[in-house]
Amino acid sequence: MGTVTAPDGTTIFYKDWGPRDARPIVFHHGWPLSADDWDNQMLFFLAQGFRVIAHDRRGHGRSSQSAAGHEMDTYAADVAVLTGELDLRDAVHIGHSTGGGEVARYVARAEPGRVGKAVLLSAVPPVMVKSESNPGGLPIEVFDGFRASLAANRAQFYIEVSSGPFYGFNRPGAEVSQGLIDNWWRQGMAGAANAHYECIKAFSETDFTEDLEQIDVPVLVAHGTDDQIVPYADSAPLSAALLKHGTLKTYEGFPHGMPATHPDVLNRDILEFVTS
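Reading guide: rules and limits
- Residues numbered from 1 in each chain as written.
- Predicted model: local features only at pLDDT ≥ 70, side-chain atom pairs only at ≥ 80, totals over all residues.
- Heavy atoms only, no water.
- Pairing = 2+ DSSP bridges.
- Helix = DSSP H or I, 4+ residues; strand = E, 2+ residues; numbered from the N terminus.
- Axes fitted to C-alpha atoms, helices over the stretch in contact; angles between N-to-C directions.
- Buried < 20%, exposed > 50% of the residue type's maximum accessible area, 1.4 Å probe, protein only.
- Salt bridge = Lys/Arg side-chain N within 4 Å of Asp/Glu carboxyl O.
- Parallel < 35°, antiparallel > 145°, perpendicular 65-115°, else oblique.
- Left-handed = near helix turned anticlockwise from the far one by under 90°.
- Contact = heavy atoms within 4.5 Å.
- Right-handed = clockwise from strand over helix to strand, strands pointing away.

**Student:** Whenever I open this one, the sheet that holds strand S3 (residues 24–28) confuses me. Can you help?
**Tutor:** Working definition: the strands of a sheet are paired by backbone hydrogen bonds and lie parallel or antiparallel to each other. Read across the open sheet, the 8 strands follow the order S1-S2-S4-S3-S5-S6-S7-S8; overall the sheet is mixed. For this open sheet the edge positions go to strand S1 (2–5) and strand S8 (246–251), each flanked by a neighbour on one side alone. On average, each strand axis in the sheet is inclined to that of its neighbour by 20°, with strand direction left out of account. Of the strand pairs in this sheet, S1 and strand S2 (residues 11–17) are connected by 4 bridges, and their pairing is antiparallel. Across the sheet, the residue bridging to Thr 5 is Thr 11, located in S2.

Below is the structure:
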């Protein structure tokens, strides 16, 4: 574990496990979490012989609670600093939710040879907010509500998100994990309120269409049909269609937080994609 420093002085915390000569897999977490959200996947792929790396986005987890830079261009630039410092080559970049947007923005701009493949899990691209060009998106009022709830009582808001729609625990018959709820809340509250507030705009209003069109490495786009955070129909199929080498994998009934609720299924499928 260590840190790298962005040009504006922000320190980015990261974990780096496994043989330095093994193929690297870089994990990008969702909002408002941290690298800890990837514990299951990091242990799984470490056991498969990979070098596994996960960072805390600026303002999240153990990275600096910076005053600025809480938008996708800076997020991607921070990743470029990390991958350059570690000199990662032919890496697989895996992003969940907001992290999927970060992956799309970074991979589209990465130095030649840095990236071999990418995986977008329950990811926000192409764009979440509703507009004339994206009529199937969510109304801006949804995200205004997120901001209002965060500003009013962030701790309570994070309990409601994690115990409800994020993992699908609000569905009849759902097998609720209190550990997942508590760990989500713990990760969220470790970050900065300003970063999380501004990140809502970043994940909901950023248009990744051009990024997806520019990516020329194979990309697996995986999404659950019961995603209550990033609705399936306005995300995964559209992203896969924009990619030059996109593969769409649909999981019937899986929730937004499917890497945590169904790791056995997701890990197996990701491994197959990475090694194919």
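**Student:** Help me understand the pairing of S2, please; the structure alone is not making it clear to me.
**Tutor:** Remember that side chains alternate between the two faces of the sheet whenever the strand is regular. The buried fraction of S2 amounts to 5 of the 7 residues, a majority that puts the element mostly inside the structure. From the end of S1 to the start of S2, which pair antiparallel, there are 5 residues, and Gly 9 there has a positive phi angle of about 95°. Direction of pairing for S2 relative to strand S4 (residues 51–55): antiparallel, over a ladder of 4 bridges. Paired with Lys 15 across the strands is Ala 54, a residue of S4.

**Student:** Quick question: what am I supposed to make of the pattern of salt bridges here?
**Tutor:** Note that side chains of opposite charge can pair when their charged atoms are close. The full count for this structure, using the stated rule, is 21 salt bridges. Ionic pairing is found between Asp 56 and Arg 62, a salt bridge with its closest N-O pair at 2.9 Å. Residue Asp 56 is classed as buried on the basis of its relative accessible area, which comes to 0%. Residue class for Arg 62 comes out partly exposed when judged on its relative accessible area of 39%. Its salt-bridge partner being Arg 114, residue Asp 87 comes within 2.9 Å of it at the nearest N-O pair. Of this pair, Asp 87 sits in the loop between helix H2 (72–86) and strand S5 (91–96) while Arg 114 sits in the loop between helix H3 (98–109) and strand S6 (115–121), placing them 27 residues apart in sequence. On the accessibility criterion, Arg 114 (7% relative accessible area) is buried. A single salt-bridge network, built from bridges that share partners, covers Lys 15, Asp 36, Asp 39, Asp 56, Arg 62 and Arg 186.

**Student:** Explain the packing of H2 against H3 here, please?
**Tutor:** A pair of packed helices can be characterised by two numbers: the angle between their axes and the separation between those axes. Two elements in contact, H2 and H3, have axes separated by 9 Å at closest approach and are oriented at 65°. Between H2 and H3, the angle is such that the two are roughly perpendicular. As H2 packs across H3, the resulting crossing turns out to be right-handed. Contacts from Met 72, Asp 73, Tyr 75, Ala 76, Val 79, Ala 80 and Thr 83 of H2 reach H3 at Thr 98, Gly 101, Glu 102, Arg 105, Tyr 106 and Arg 109.

**Student:** How do you make sense of the pairing of S5 when you look at a structure like this?
**Tutor:** Taken across its 6 residues, S5 has 6 buried, putting it largely inside the fold. In S5, alternate side chains face the same way, and those of Ala 91, His 93 and Gly 95 on one face and Val 92, Ile 94 and His 96 on the other are all buried. Relative to S5, S3 runs parallel, the two being bridged by 4 bridges. The partner of Phe 27 across the bridge, within S5, is Ile 94. In terms of strand pairing, S5 meets S6 through 6 bridges, oriented parallel. Residue pairing for S6: Ala 91 is matched across the bridge by Val 115. With H3 bridging S5 and the parallel S6, this β-α-β connection has right-handed handedness.

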